[in-house]
Structures are given as C-alpha cells and as structure tokens.
Amino acid sequence: MVTMVSLENRKQLFLLNLLIFLTFDLMLLGAGVRTMDAGLTCPDWPLCFGKPIPEYHFGVYLEFIHRAIAGLLSIVFVVFFTLVWRNKSLKSLRLSLLVGLFLLIAQVIMGGLTVLKLLDSIIVTLHLSLATAFLLNLYVVKQKLVLDVNKNKFLIKAAVWQKVFKANIILGIVFVLLQIVLGGLVASTYSGLICVDFPTCNGQLFPEMTGPVAIQMLHRFGAYWLALLSVILFVFSIFYSKKIGLNKKQRVLGVKVFLLICSQVAIGILNLKFLIPAWLSVVHLGVALSILLTLVQLLYKIKQKN
C-alpha cells in the first residue's frame, strides 16, 4: 500500500525525484558524449581549455554541459542529504544516503580520471558502473521513502510462488546490472561491430571467445538469459498472479518489464544493422536503465498488500 508522503517530507521527495531525473539524463548525455567521440573535447579537468565556460563548439559543449549537469546534481544531492539527515523521522534512510555520497564522490573522481587517462576503457566502464549504482541507490531511497514496508504487510499468500517470483525479479536486476557494465565495456573497447551479423558472429554461433569477440558475445549471452527471465516474469504476471497474490499494478509492472526487454533486444539488433548510430546507442542505454528501475519498483511493490 502506498504511504501518503507527509507535508514535511514532500520537499525531500521533490529533490529526490529531481536527482533521479538529473542522473538518468546525465547518463544518457554521457552515452551521447561517448558515441560521438566528444569525451576529450575538453582536454583538461575540471576546467575546459583552462576556462570555467569555454567558447562554443558543439562537441566541446556536449562535454561541458555534461560536466555542468554533474555539478548541479552534486549540489542538489548535498542539499537533499542535509535535509534528510536533519529529519529524525527519516533516520532509516541515512545509511543509504551515506552509500550514495560515497558513490557520488567516487563518480566525480572517476569523471576526472576519464579525461586525464584519455578515455581508458576500464575507467570509462567504471564511470558508467558507478553512475548506474548511484541511480539505483537513489531509486531504492525513493521506494523506501514512498512505500510502506512494515513487515506485517508483507505478502504471506502462496509463499513458495512468491519466493520464486521475487527470485526471478532479483535475478533480472542482477542481469540488467551486468548487461549495463558489459555494454559499457563493449562501447569503451569498440567491440560493438566486431560481430557484424546476428544471431551468429561473423557466421559462427559459437566463435572463439577471445578479446573483443568475447566481450561482444558475453553481452549477447546475457541478453538471451535476460530475455528468458522476462518471459518467465510475464507468464507469472499473467497466468499465476492469483497464486502469487499480485494486484493489477504489480501485474502491469511485470508485463512492462517484459515489453521493455523485448524492445531492448530489438534495439540491440538494430544497433548492429545500422552500425551503432549515436542516437540509437543512447536509446539502448535509456531502455536498459528503465528496465532496471522498473524491476526495482516491482520488487518493492510486491512487499505490499495493495
């Protein structure tokens, strides 16, 4: 059951929604910067050509705006952190916020290293991974703030079916996180077009798993497993919802995950067909993040009776 957010906490919820929005958009912009090879258009850090505001050039401003939004996000997070920390009724969120603060500081450092280390593939991948972890942390905080998760309201109906359903969701979250990390590694090592066909890789179903081919194929295998999990989730949501005890909103979220993953598989294939255009790569990341957040929302929703 959704808890009404008190007037006292509405300010925190507004800032939290703003943080989630900024982080999501910042990650998409980062994908655009990477795919358009604009990552080193500002060759120094934290300034850009030694200036706080550089002269206009499209590539330079892609990177500059990315940094500016990151700066704004950091300020908003500090304000949000302070408000929550001073609110005694939100003590349960403090540990999550400390984790978020650690992730944010690490992400700022990694952003600087991304430039200073000339887009090293490992650092670029870590940069994306930390951003994903930070977004996930913010979304979990939101679920804790908005939803009532008292133990006496946990579903007790059909415990075995519920456990299987929850395990499927958790596995889905793990696979999506792995896929995002692998996708970042594919992009940062330029392995996206090492296999130019689908479902085979250069005519082979099981090519030699070495170098960029291994990275690309691991990403594909992860997609296959994620697609299978989404089918199981869809079947549970439609045909076994009564045994699990799902309400309409929970069923809709289960179907939404299935449709998003189907869309993601199609987008991945189109990326190959059209040789990874920048805009489609950004969409690919956006859908991946949407799948992740929807799975987290569903996981918290099934802890509620209604």
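Predicted model only: the values in this text are computed from it and were never measured.

### Thoughts on the state of the cysteines
Piece 1. Summed over the entire model, instances satisfying the criterion amount to two disulfides.
Piece 2. Residue Cys 42 pairs covalently with Cys 48 via a disulfide, S to S 2.0 Å. The S-S bond linking Cys 42 to Cys 48 shows a torsion near -75°; that makes this disulfide left-handed. No difference in accessibility class separates Cys 42 from Cys 48, as the two residues are buried.
Piece 3. Across the disulfide from Cys 195 sits Cys 201; the S-S distance is 1.9 Å. Measuring handedness by torsion sign, the sulfur bridge of Cys 195 and Cys 201 sits at about -65° and is left-handed.

### So, the nonpolar core
When a protein is soluble and globular, its nonpolar side chains tend to lie buried together.
Piece 1. The biggest cluster of nonpolar side chains holds 68 residues, and the ones touching the most others in it are Phe 77, Phe 80, Phe 165, Ile 169, Ile 180, Leu 285 and Leu 295.
Piece 2. Contributions of two or more residues to this core are made by α1 (7-35), α2 (58-86), α3 (94-116), α4 (121-146), α5 (159-188), α6 (211-239), α8 (248-273) and α9 (278-301).
Piece 3. The greatest single-element share of this core, amounting to 14 residues, is contributed by α9.
Piece 4. Setting aside its immediate chain neighbours within four residues, Phe 77 contacts Leu 19, Leu 97, Gly 100, Leu 101, Leu 104, Phe 134 and Leu 138.
Piece 5. Cys 42, Val 60, Tyr 61 and Phe 64 belong to the second largest nonpolar core, which has five residues in total.

### What to know about unusual backbone geometry
Piece 1. Cis geometry marks the peptide bond from Trp 45 to Pro 46; its omega dihedral reads 10°.
Piece 2. Within the secondary structure, Pro 46 sits in the loop between α1 and α2.
Piece 3. Of note, the bond from Phe 198 into Pro 199 is cis; its omega dihedral lies within 30 degrees of zero at 10°.
Piece 4. In this structure, Pro 199 sits in the loop between α5 and α6.
Piece 5. The residue Asn 202 is not glycine, and still its phi comes out positive at about 55°.
Piece 6. Structurally, the position occupied by Asn 202 is in the loop between α5 and α6.
Piece 7. Assessed through its relative accessible area of 44%, Asn 202 is described here as partly exposed.

### Some remarks on the pattern of salt bridges
Side-chain pairs of opposite charge can arise where the charged atoms are in close proximity.
Piece 1. Counted according to the given criterion, the structure contains two salt bridges.
Piece 2. With a closest N to O distance of 3.4 Å, Lys 51 and Glu 55 form a salt bridge.
Piece 3. Residue Glu 55 is classed as exposed on the basis of its relative accessible area of 60%.

### A short note on the packing of α2 against α3
A packed helix pair is summarised by two numbers, namely the angle formed by the two axes and the spacing between the axes.
Piece 1. Following both chains from N to C, one finds α2 and α3 inclined at 160°, their axes separated by 11 Å at the closest point. Overall, the two elements α2 and α3 adopt an arrangement that is roughly antiparallel. The two elements α2 and α3 meet at a crossing, and its hand is left-handed. Within the contact between the two elements, α2 uses Glu 63, Arg 67, Leu 73, Ser 74, Phe 77, Phe 80, Phe 81, Val 84 and Trp 85 and α3 uses Arg 94, Leu 97, Leu 98, Gly 100, Leu 101, Leu 104, Val 108 and Val 115.

### Focus on a nonpolar patch on the surface
Piece 1. Judged by side-chain polarity, Trp 85, Leu 95, Leu 98 and Val 99 come together as a nonpolar surface patch covering roughly 370 Å² of accessible area.
Piece 2. Top contributing element to the nonpolar patch by residue count: α3, with three residues.
Piece 3. Its location among the elements puts Leu 98 in helix α3.

### Thoughts on the packing of α8 against α9
Piece 1. For the pair α8 and α9, the least separation of the axes is 9 Å and the interaxial angle reads 160°. By the angle class used here, α8 and α9 are roughly antiparallel. The crossing of α8 and α9 is left-handed.
Piece 2. In terms of residue class, the contact of α8 with α9 is made up of 13 nonpolar, ten polar and three charged.

### Quick notes on the confidence of the model for the protein
Note: predicted coordinates in regions of low pLDDT should not be interpreted at a detailed level.
Piece 1. With 92% of its residues at a pLDDT of at least 70, the protein reaches an overall mean of 88.
Piece 2. For the protein, helix α7 (residues 241-244) is the element with the lowest average pLDDT, namely 85, and α9 is the one with the highest, namely 95.
Piece 3. The model gives residues 148-158 a pLDDT under 50, and that stretch makes 25 contacts with residues more than four places away or in other chains.

### Brief notes about the environment of Leu 226
Piece 1. Following the sequence through the fold, Leu 226 ends up in helix α6.
Piece 2. For the pair formed by Leu 226 and Ser 263, sequence separation is 37 residues and the distance between their alpha carbons is 12 Å.
Piece 3. In contact with Leu 226, other than residues within four places in its own chain, are Gly 172, Phe 175, Val 176, Gln 179 and Ile 261.

### Here's the deal with the side chain of Gln 12
Piece 1. Following the sequence through the fold, Gln 12 ends up in helix α1.
Piece 2. When neighbours within four sequence positions are excluded, Gln 12 is seen to be in contact with Phe 80, Leu 83, Val 84, Asn 87 and Leu 90.

Rules used in this analysis
- Every chain's residues receive numbers from 1 upward, in the order its sequence appears when written.
- Local features in this predicted model are restricted to residues whose pLDDT is 70 or higher, and side-chain atom pairs enter the listing and the counts only when it is 80 or higher, whereas totals over whole chains, interfaces and linings include all residues.
- As a convention, hydrogens and water are excluded, and side-chain values are obtained from all of the structure's heavy atoms.
- Only a pair of cysteine sulfur atoms within 2.5 Å counts as a disulfide in this structure description.
- Exposure is judged per residue with a 1.4 Å probe applied to protein chains only, and the accessible area is read against the type maximum: over 50% gives exposed, under 20% gives buried, and values in between give partly exposed.
- Put simply, buried Ala, Val, Leu, Ile, Met, Phe, Trp, Tyr and Cys residues joined by side-chain atoms within 4.5 Å make one nonpolar core.
- Each helix is a run of DSSP H or I of at least 4 residues and each strand a run of E of at least 2, with the numbering of both proceeding from the N terminus.
- What makes two residues a contact is simply this: any of their non-hydrogen atoms within 4.5 Å.
- Basic side-chain nitrogens of Lys or Arg form a salt bridge, by our definition, when they fall within 4 Å of a carboxyl oxygen of Asp or Glu.
- With axes taken as lines fitted to C-alpha atoms, and helix axes fitted only over the stretch in contact, angles between N-to-C directions fall between 0 and 180 degrees.
- Here the word oblique covers every angle except those under 35 degrees (roughly parallel), over 145 (roughly antiparallel) and from 65 to 115 (roughly perpendicular).
- Two helices crossing with the near one rotated counterclockwise from the far one by less than a right angle form a left-handed crossing, whereas a clockwise rotation gives a right-handed crossing.
- The patch calculation keeps residues exceeding 30% relative accessible area without a salt bridge and links them within 9 Å when they carry like charges or within 5 Å when they are nonpolar (Val, Leu, Ile, Met, Phe, Trp, Tyr).
- Residue exposure ignores everything except the shown protein chains as possible cover, and the areas themselves are Shrake-Rupley values with a 1.4 Å probe.
- Polar here means any residue outside two lists: the nonpolar Ala, Val, Leu, Ile, Met, Phe, Trp, Tyr, Cys and Pro, and the charged Asp, Glu, Lys and Arg; Gly therefore counts as polar.
- Confidence per residue, as judged by the predictor, is encoded in pLDDT with a range of 0 to 100.

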